[in-house]
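Structure at a glance
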Amino acid sequence: MHVVLIEDDPLVASGIVAGLRLLGMTVDHVDTASKADAALATSHFDVSVLDLGLPDEDGMTMLARWRAHGQAIPVLVL
């Protein structure tokens, strides 16, 4: 499973990445909404783990924008 983790706190992100990789998942980590948009535009992910408090955009606003543009990736909200 290919996961995109969108989390700006490095300590939280490192723990989530380590745990998911122990479960055999491939994890790409980005720390801003703009980097998340770029990652989704260039790669296929099976699921997203999304922090709501991002430095450049609220996570729910980003998710609403994704849905409005037809992005149907499953999302786990932190």
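Residues numbered from 1 in each chain as written. Predicted model: local features only at pLDDT ≥ 70, side-chain atom pairs only at ≥ 80, totals over all residues. Heavy atoms only, no water.

Okay, helix H3 (residues 59-68) next. Looking at H3, one finds that the buried residues are Gly 59, Met 62, Leu 63 and Trp 66. The buried side chains of H3 occupy one side of the element, clustering within an arc of 100 degrees when seen end-on. On its buried face, H3 sits against strand E1 (2-6), helix H2 (33-42), strand E3 (47-50) and strand E4 (75-77). One side-chain oxygen at the N-terminal end of H3 lies 3.0 Å from the backbone nitrogen of Met 60; it belongs to Asp 58. In the segment just after H3, Gly 70 is the residue with positive phi, at about 85 degrees. (Buried < 20%, exposed > 50% of the residue type's maximum accessible area, 1.4 Å probe, protein only. Helix = DSSP H or I, 4+ residues; strand = E, 2+ residues; numbered from the N terminus. Arc of directions from axis to C-beta. Contact = heavy atoms within 4.5 Å. Polar contact = N/O pair within 3.5 Å; in protein donor to acceptor, adjacent residues only side chain to side chain.)

Burial along E3 is two-sided: the face carrying Val 47 and Val 49 and the face carrying Ser 48 and Leu 50 are both buried. Direction of pairing for E1 relative to E3: parallel, over a ladder of four bridges. Across the sheet, residue Val 4 finds its bridge partner in E3, namely Ser 48. Relative to E4, E3 runs parallel, the two being bridged by three bridges. Residue pairing for E4: Ser 48 is matched across the bridge by Val 75. After leaving E3, the chain enters H3 and then returns to the sheet as E4, a path that is right-handed. (Pairing = 2+ DSSP bridges. Right-handed = clockwise from strand over helix to strand, strands pointing away.)

On to the pattern of salt bridges, then. One pass over the structure, following the stated rule, counts three salt bridges. For Lys 35, the salt bridge identified is with Asp 31, shortest N-O distance 2.9 Å. Of the charged contacts, one joins Arg 65 and Glu 57 as a salt bridge, the two residues approaching to 2.5 Å between their closest N and O atoms. You can call Arg 65 partly exposed: its relative accessible area is 27%. (Salt bridge = Lys/Arg side-chain N within 4 Å of Asp/Glu carboxyl O.)

Moving on: H2. All buried positions along H2 are accounted for by Ala 33, Ala 36, Ala 39 and Leu 40. Seen along its axis, H2 keeps its buried residues to an arc of 115 degrees; they face one direction. Exposed side of H2, more than 90 degrees from the buried face: Ala 41 and Thr 42 are the residues found there. Of the surrounding elements, those touching the buried residues of H2 are E1, strand E2 (26-30) and H3.

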